[in-house]
Amino acid sequence: MSHNDIRQILEKSSAEWFKTKGYPTRPEYPYILQDKTDWRKNIILPEVYEYVMERKQARNHLFPLHDWLHHGLSSQAMLFNLLGPLVVKNRLVVLAEPFKEAGVIWPKQIDGEFEYQDRLAFNELQTQPTSLDFVITGQTKEPKILIEAKLVEKSFGYCSRLQNTVCSGLNPLNGIVKDECELVKVGREYWKVLIENDVLIEETLKGPTCPMAVFYQFYREVGFAVTTNSQLVFLVDERNPFFSPSTDSSLPNRLIKSLRPAIQQKVKIVTIQRVFSEIAKFFQGQDWVTSLAEKYSLNAPK
């Protein structure tokens, strides 16, 4: 299945779901709600929307909502719909089997939170710090589980300095003093964490291109996991060839190989489909599960 195929499938299923609900959408893009303020209509369970708003109010600006949360293909909305019910129903244990199958160490006692941040991890004292979509924490010293969701994305995102043409994209460690990195100049400690924790294999560390130039989010999140004693899970749609764990050339599979073996053990891939199958068994026959399947075409052939 091509990326265009999966996108068309999800655009159609989202458009049909919005139409069934009678929600106004953009005429030219029926899979996008009419206005950004309509994003609550993108959330299946009202109690999940209420939970998100309560947490946002409690944390103020420390709970970022994405600009395109009203888009039917929003990864953040998808995660609210997939994991939000497990949070409000206190049933995060449903994730245990899919995660353990992927090699994740599952905590004995668990709690969860959307949009996990730690400004001290990279010395991000100004603006928006690194934020992971979800975190599962235990009440012991067991490693946290950080979750980054990908639905129809095609990349991990570029470094903002490269996008703004402030940076050449060349590796600052390849014959150039590392403080030549524009992010280092403003106090960010991404490189410090990657180097001190021996995260990258030699080929990546000393290659001609800065690894964070094009795969900024991946390496930043790996570094965040390492410095916060966490495991990192990419929760992906198995139909998306850019992120599918069954595709050798997918971004996670390729980039995990650029990490030292000990760090590779901290990074895992779990599919949305595997999580949904467990949810469907646990909450069999419940309306919100049916809506989840319809909205994201989860019962459709691969």
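Data block above holds the structure.
Residues numbered from 1 in each chain as written. Predicted model: local features only at pLDDT ≥ 70, side-chain atom pairs only at ≥ 80, totals over all residues. Heavy atoms only, no water.

Draft legend 1. The arrangement of the state of the cysteines in detail. Applying the stated rule across the entire model yields 0 disulfides. Cys 167 takes part in no disulfide bond, and the closest cysteine sulfur, belonging to Cys 159, lies 6.0 Å away. No disulfide involves Cys 181; its nearest neighbouring cysteine sulfur is the one of Cys 210, lying 6.1 Å away. Looking at Cys 181, the relative accessible area reads 14%, which means it is buried. (Disulfide = S-S within 2.5 Å. Buried < 20%, exposed > 50% of the residue type's maximum accessible area, 1.4 Å probe, protein only.)

Draft legend 2. Structural context of the packing of helix α2 (residues 46–59) against helix α3 (residues 75–88). One can describe the packing of α2 onto α3 by two numbers: an axis separation of 9 Å at closest approach and a directional angle of 85°. As judged from the angle between their axes, α2 and α3 are roughly perpendicular. Contact with α2, carried on its side by Glu 47, Val 48, Tyr 51 and Val 52, involves Phe 80, Gly 84, Pro 85, Val 87 and Val 88 of α3 and no other residues of that element. The residue inventory of the contact of α2 with α3, partitioned by class, reads 7 nonpolar, 1 polar and 1 charged. (Axes fitted to C-alpha atoms, helices over the stretch in contact; angles between N-to-C directions. Helix = DSSP H or I, 4+ residues; strand = E, 2+ residues; numbered from the N terminus. Parallel < 35°, antiparallel > 145°, perpendicular 65-115°, else oblique. Contact = heavy atoms within 4.5 Å. Nonpolar A, V, L, I, M, F, W, Y, C, P; charged D, E, K, R; others polar.)

Draft legend 3. Seen up close, the side chain of Lys 144. The residue Lys 144 is located in strand β5 (residues 144–150) in this model. For the buried Lys 144, which has no salt bridge, the nearest side chain bearing the opposite charge is Asp 118, at an N-O separation of 6.7 Å. Within the structure, the side chain of Lys 144 is placed 3.0 Å from the backbone oxygen of Thr 228, a separation counted as a polar contact. (Lys, Arg positive; Asp, Glu negative; His and termini not counted. Salt bridge = Lys/Arg side-chain N within 4 Å of Asp/Glu carboxyl O. Polar contact = N/O pair within 3.5 Å; in protein donor to acceptor, adjacent residues only side chain to side chain.)

Draft legend 4. A look at the packing of aromatic side chains. Under the definition given, this model contains 19 aromatic pairs. Between Phe 80 and Phe 114, the ring centres sit 4.9 Å apart and the planes meet at 90°, which makes this aromatic pair edge-to-face. Residue Phe 80 is found in helix α3, and its partner Phe 114 is found in strand β3 (residues 110–117); the two are separated by 34 residues along the sequence. Summarising the burial analysis for this pair, Phe 80 and Phe 114 share the class buried. Members of the aromatic cluster, each reached through a chain of ring pairs, are Tyr 116, Phe 122, Tyr 190, Tyr 216 and Phe 224. (Phe/Tyr/Trp six-rings, centres within 6.5 Å; stacked < 30°, edge-to-face > 60°.)

Limitation: the analysis is restricted to geometry and does not speak to function.
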